[in-house]
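Inside the fold
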Amino acid sequence: SQKIAVAIIGYGNVGRGVQTALKQNPDMELMGIFSRSPERVKQDVQDVPVYSVDDLQALQKCSVAILCGGSKNDLPVQGPHFAAHISTVDSYDNHSCIPEYFNKMNPIARDNKTVSVISTGWDPGTFSLERVLGNAFLPGTKTYGFYGVSEKGGLSMGHSDALRTIEGVADARQYTHAIPEAIERVRRGENPDLKPEEMHWRECYVVLEDGADAEKIEKEITTMPAYFAPYKTEVHFISAEELKENHAGFPHGGMVIGSGSLGGTNRGTIEYHNTWDSNPAATANILVAHARAAHRLREEEKFGAYTIVDIPPAYFSPKSHDELLAEFL
Ligand code: NDP
């Protein structure tokens, strides 16, 4: 059967990840990369056509576009724009604005006979699905998300960016760590009310500019409102070489836990756990599976917007329904 023709729109960490992920999905074919800065992308990409985002004619040759722009400024504009032309998948991660974004995308996709899967990845994404399942299977259960459960912790792009805004900081990385005692309390079924700073602590690796005042910068970090002030925060000053050597990747991961009543005196706990060597590579693989689902939903003329919780899991898989039942049930 014919391959699903995929476009990548936006070429950063996630865009690069999608390019790599598509290579392990033989039912899909990368038709082109669309960027606001095609000349930049062409320097890195030789084996795939690179287009300007304005090239709608080239885009029409594709079945689904994976939108890999940033959540803050790109997706709120690019999502509604492209949904009018082609089925889309995106990882819009501004949790509190997801209902509004869905309501914007849904009529555009319906009117233009496309399918738009929004806000998928791992959080929002697979973690959202686990929260819904945990809450449905253990009624009334509160589900908790912990991040950076592995030893190195999880690299937070937002917090790393915040460190880099400080005067005298040349470069920086921030790892989020879960607090094990908090995880244990949830596992015990206490359903505790936990403040963010009771669930996570923060570890910063900072490269200083020449002549910068380390003590002053450490104070500025640990007192930064919202980002660091409420949390236990450790600051390590390292060299640029060390940062490059030990902190080049994007490791992340975490878990969703829910503990609640099975009725009567019986209790149950549900845990879902993932560990990623690379956050954008993992996100990319999830986006690619959703592109398959978007393509199928559109073939079935089920136009409109979807999230991960609206799509039957069989739609994500390259396997047939018979194969799924035989192999996985
Ligand atoms: P990047 O900043 O790497 O890329 C975002 C966009 O910026 C690209 O699409 C690209 O657009 C442009 N860009 C990238 N590099 C350059 C450059 N060197 N010069 C100029 N422009 C550049 O973001 P990420 O790929 O890391 O992340 C994208 C989004 O994915 C995040 O905002 C986040 O919200 C989301 N995400 C969601 C997750 C989830 O679980 N739901 C998990 C991880 C990320 P163009 O090619 O058009 O110039």
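These lines cover the structure that appears in this document, whether it is placed above or below. (Residues numbered from 1 in each chain as written. Predicted model: local features only at pLDDT ≥ 70, side-chain atom pairs only at ≥ 80, totals over all residues. Heavy atoms only, no water.)

Brief notes about the sheet that holds strand β9 (residues 169-178)
- What the four strands build is an open sheet, ordered β8-β9-β10-β11; its pairing is mixed. On the outer flanks of this sheet lie β8 (154-155) and β11 (233-237), each paired with one strand and no other.
- One ladder, built from five bridges, connects strand β10 (residues 200-208) with β11; its direction is parallel. Paired with R202 across the bridge in β11 is T233.
- Each of β8, β9 and β10 is contacted by helix α7 (residues 157-164), which is oriented at about 145° to β9, the strand it contacts most. (Pairing = 2+ DSSP bridges. Helix = DSSP H or I, 4+ residues; strand = E, 2+ residues; numbered from the N terminus. Contact = heavy atoms within 4.5 Å. Axes fitted to C-alpha atoms, helices over the stretch in contact; angles between N-to-C directions.)

Some details on the site of the ligand
- Around the ligand, the structure places 23 residues, and the nearest of them are V14, S35, R36, S71 and W122.
- Measuring from an oxygen atom of the ligand, one finds a backbone N or O atom of V14 at 2.8 Å.
- In this structure, an oxygen atom belonging to the ligand sits 3.2 Å away from a side-chain N or O atom of S91.
- Burial of the ligand by the protein amounts to 72% of the accessible area it has alone, namely 910 Å². (Near = heavy atom within 4 Å. Polar contact = N/O pair within 3.5 Å; in protein donor to acceptor, adjacent residues only side chain to side chain. Areas by Shrake-Rupley, 256 points an atom, 1.4 Å probe, with all protein chains shown as cover.)

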